[in-house]
Amino acid sequence: MVTFHPSTTALEVRHRHEVLTIQAWGADSVRIRAAQYRIPAESHGALDEVPPPSPAPRIDVAEDHATMVHGELTVTVDFDRSAAHPEPLLTFTRTGTGAVLLSESREHFWLPGARVFHGNRSGAYEVHQQFAAHPDEQLYGMGQRTHGRLDLKGLALDLVQRNGEVSIPFVLSDRGYGLLWNSPALGRVEFAQNATRWQAGQAREIDYWFTAAPTPAQILARYADATGHAPELPQWASGFWQSKLRYRDQDELLAVAREHRRRGLPLSVIVTDYFHWSAMGDYRFDASEWPDPRAMVDELAELGVELMVSIWPTVSPLSEHFADYRDRGLLVGTDQGAEFHQTIQDKHMAVPMPVAFYDPTNPETRTYVWELVRKGYRDLGIRVFWLDACEPELNPAHPANLALYAGPGAEVAGIYPRDNARLFAEGMAADGEAGTTVLLCRSAWAGAQKYGAAVWSGDIPATWESLRQQIRAGLNVAVSGIPWWTTDIGGFHGGDARDAAYRELMIRWFQFGVFCPLFRLHGDREPRTPTSYAQSGGPNEVWSYGDEAYEIISGLLHLRERLRPYIHRQMRTAAQTGLPPMRPLFVDYPDDPRAWQSDDAFLFGPDILVAPVAQAGQRSRPVHLPAGTRWTDTATGELHDGGTTVEAAAPIDRIPVFIREGADVPLNEYQGGAA
């Protein structure tokens, strides 16, 4: 027997030990929760508050059937008494057309069903949620991955945070829906031909959010309403960011900033990378290498440059604060073993030693760490923070062994990077500077964007294959709600500035990077040395790559300057509507079937279509121009009809870039190296 219990905004369904709730959660959207006996009182997911009110849903209940109609979304609950083991099953349809968007399917006709709970004697369960598959469905999002695919159909993905693998469990379908798996538990999703199945290894409930907004852009808007809107990008952040692994002292860093000024090259941010500190967890400069950081920050400010400092969540046992972290319970705990989760050779270590991680899910930790950051950096005038290794980066990689304030690692590990960004956002807000910075993060989870988190694609190889992967990775993370994104231009691991073949890759990566939301050079160039406090890679300044590359790259820096007003208009739109500036073609042109299949070109705002070159020696490439408007080739001025594919020239000094007819953007004379 099934029972239905409607209210003004929700429908509760009970069957045996299961309680299932369907709650209106923003326009055209619902939140689904299912648990044994009762819905948990606490959730660590991304759905903190119900979005602004929309018209109340219409709920109709019969003996074995119920419907909720909420704008464009209709949710149907059917209970088939003729089944061997009947259970209430959900179907999501578009109200206006009756088209089925998504429907639950049983794992087996007998048992188990569509929602599965396997108890583990802890009060938690291994949970499964299964839906019917559609072989021709196209799926996008899920954070940032290294699989090199834009369309995720046919893939199985781990729901775990790793370097270069950012798990944001939101997916957008060409069938016309978006779904957020609102569980930070370790798990897996399979977008298979026979079923779509979400799995969490340990959880208290099934919890997901579903929207049937009419277009991809509106789906992203509803998602931003549900999980939080990014602030507006600060004006300084749209320029060029210079970094290498690593500037070892104050004199070396200032020399680079001064050389930019001498050459007349734009520069917005320069980076002090890791090991600038006295010890991990101290959050201050090592005075032997950085004797007068206040003077350094002041000189950079006179040059119009922000200083970004690298901050790791690791705490060395040699830190002057280690006993406080430990005894006040501010460190991540463990289910088994000592409270150390990584090894590295930090300052004053003869060999790599174990280090701990602070626990940002603990409010007391957030307050304590921010006070150290304020004293060590903020009081010097530093306001830009690079939150590296914030997955966190574990050794061994056993996140289920973590014990956090928010709960067992198996249940909540996914939120670590989000709450790490929250620490710094709350600190800046407490100092009266909410929304004034960018937090460059190596990982994120749903909702991190509201804390000003920008994601970069992690420690990637310096290869052509990696460049190709980054294009798709950036588009999928944009679909996942993160409007601020970048890569290490040139890749992180390797690359020799003296090698002509690598210089070509660097040029092509810069040409891609100038059209990314954030424009940032970084990498561990040859000659490389083992990771330790003595580490410093080879040269990685724009003048390091020879005269030909320098002419092209310096022109790109000036091009970026001309683009900055346009970029900020797009960033304002992103903050207001959730529409990311860098996005797949289908977001703006959903009625063009080819736009859903184009995975190596993208829109940068509504007016610029970018087609990166990601093959060695390539000097032309095909470009699909979306239907519905006409497009101008910025190199030739030629106007092309949309809905066509053109073979565009791509000499070494430019990549194909097209402007939407009627748009006014400063690209008409774009020639790659032209200032």
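Residues numbered from 1 in each chain as written. Predicted model: local features only at pLDDT ≥ 70, side-chain atom pairs only at ≥ 80, totals over all residues. Heavy atoms only, no water.

This part covers the overall build of the protein chain. Assigned secondary structure in the protein chain consists of 12 helices and 40 strands. The C-alpha atoms of the protein chain give a radius of gyration of 25 Å, which matches the 26 Å a tight globule of 675 residues would have. Dimensions along the principal axes, computed over C-alpha positions, put the protein chain at roughly 80 × 70 × 40 Å. Counting over 675 residues, the protein chain shows a buried share of 63%. Sequence-distant contacts, at least 24 apart, represent 70% of the contacts inside the protein chain between residues at least 6 apart. (Helix = DSSP H or I, 4+ residues; strand = E, 2+ residues; numbered from the N terminus. Rg over C-alpha atoms; globule rule 2.2 N^0.38 Å. Buried < 20%, exposed > 50% of the residue type's maximum accessible area, 1.4 Å probe, protein only. Contact = heavy atoms within 4.5 Å.)

Okay, the sheet that holds strand β28 (residues 407-408) next. Strand order across the open sheet formed by 3 strands is β23-β27-β28, with antiparallel pairing between neighbours. For this open sheet the edge positions go to β23 (333-334) and β28, each flanked by a neighbour on one side alone. In this structure, β23 lies alongside strand β27 (residues 402-404), joined through 2 bridges in antiparallel fashion. When the sheet's bridge partners are listed, T334 is paired in β27 with L402. (Pairing = 2+ DSSP bridges.)

Turning our attention to helix α7 (residues 416-430). In a regular helix each residue adds 1.5 Å, so 15 residues correspond to 21 Å; α7 covers 21 Å between its end C-alpha atoms and thus fits that length. If you check which residues of α7 are buried, you get Y416, P417, R418, D419, N420, A421, L423, F424, A425, G427 and M428. Phi turns positive one or two residues past the end of α7, at G432, with a value near 80°. (Expected span 1.5 Å × (residues − 1).)

The next point concerns the packing of aromatic side chains. The relation between two aromatic rings is expressed through the spacing of the ring centres and the mutual angle of the planes. The final tally for this structure, using the stated rule, is 35 aromatic pairs. Ring centres 5.8 Å apart and planes at 45° place the aromatic pair Y140 and W596 in the tilted group. Residue Y140 is found in strand β12 (residues 139-141), and its partner W596 is found in helix α12 (residues 593-597); the two are separated by 456 residues along the sequence. Neither residue differs from the other here; Y140 and W596 are each classed as buried. Between F510 and F519, the aromatic rings sit 5.8 Å apart at their centres with planes inclined by 85°, giving edge-to-face as the arrangement. According to the relative accessible area criterion, F519 is buried, its value standing at 0%. One aromatic cluster in this structure is built from F92, F131, Y177, Y208 and F210. Over the ring of Y550 we find R263, and its NZ or CZ is 5.1 Å from the ring centre. (Phe/Tyr/Trp six-rings, centres within 6.5 Å; stacked < 30°, edge-to-face > 60°. Lys NZ or Arg CZ within 6 Å of the ring centre and 35° of its normal.)

For W456, the location among the structural elements is in strand β30 (residues 453-456). The buried category is assigned to W456, whose relative accessible area is 1%. Polar side-chain contacts of W456 include one of 3.3 Å to the side chain of D488. (Polar contact = N/O pair within 3.5 Å; in protein donor to acceptor, adjacent residues only side chain to side chain.)

In this section: a nonpolar patch on the surface. Residues F109, W110 and L111 make up a contiguous nonpolar surface patch of roughly 380 Å² in combined accessible area. Structurally, L111 is set in the loop between β9 (100-103) and β10 (115-119). By relative accessible area, which is 48% here, L111 ends up partly exposed. (Patch = residues over 30% accessible without salt bridge, like charges linked within 9 Å, V, L, I, M, F, W, Y side chains within 5 Å. Areas by Shrake-Rupley, 256 points an atom, 1.4 Å probe, with all protein chains shown as cover. Salt bridge = Lys/Arg side-chain N within 4 Å of Asp/Glu carboxyl O.)

Below, the discussion takes up the packing of helix α5 (residues 363-376) against α7. Contact pair α5 / α7: the axes reach a minimum separation of 9 Å and the direction vectors enclose 60°. In terms of orientation, α5 and α7 fall into the oblique class. Two packed elements cross with a definite hand, and for α5 against α7 that hand is right-handed. Of α7, the residues touching α5 (which contributes R366, V369, W370 and V373) are D419, R422, L423, F424, E426, G427 and M428. Across the contact of α5 with α7, the residue classes break down as 6 nonpolar, 1 polar and 4 charged. (Axes fitted to C-alpha atoms, helices over the stretch in contact; angles between N-to-C directions. Parallel < 35°, antiparallel > 145°, perpendicular 65-115°, else oblique. Left-handed = near helix turned anticlockwise from the far one by under 90°. Nonpolar A, V, L, I, M, F, W, Y, C, P; charged D, E, K, R; others polar.)

With that settled, the discussion passes to the pattern of salt bridges. Summed over the entire model, instances satisfying the criterion amount to 51 salt bridges. For D431, the salt bridge identified is with R374, shortest N-O distance 2.4 Å. Pair noted here: D431 is in the loop between α7 and β29 (439-441) and R374 is in helix α5, with a separation of 57 residues, a long-range link. Owing to a relative accessible area of 27%, D431 belongs among the partly exposed residues under this scheme. Exposure remark for R374: the relative accessible area of 18% places this residue in the buried category.

Time to look at the side chain of R222. Counting through the fold element by element, R222 comes out in helix α1 (residues 216-227). What makes R222 buried here is its relative accessible area of 17%. Side-chain polar atoms of R222 contact the side chain of D28, separated by 2.6 Å. Setting aside anything within four residues of it in sequence, one finds R222 in contact with A27, D28, S29, W209, T211, A213 and P214.

What follows is about the nonpolar core. In terms of nonpolar packing, the biggest core is built from 159 residues, with L307, Y325, F385, F424, F510, F515 and I608 touching the most fellow members. In terms of residues, this core owes the most to one element, helix α10 (residues 546-577), which gives 10 residues. The residues touching F424, leaving out its near neighbours within four places in the chain, are I311, Y358, W370, V373, F385, L387 and L439. Membership of the second largest hydrophobic core comes to 44 residues, among which are V75, Y125, F191 and A203. (Core = buried A, V, L, I, M, F, W, Y, C linked by side-chain atoms within 4.5 Å.)

Right, let's talk about the state of the cysteines for a bit. Counted by the stated rule, this structure contains 0 disulfides. There is no disulfide at C441, and the cysteine sulfur nearest it, in C390, is 4.9 Å away. By relative accessible area, which is 1% here, C441 ends up buried. The structure places no disulfide on C516, whose sulfur is separated from the nearest cysteine sulfur, that of C441, by 17 Å. (Disulfide = S-S within 2.5 Å.)

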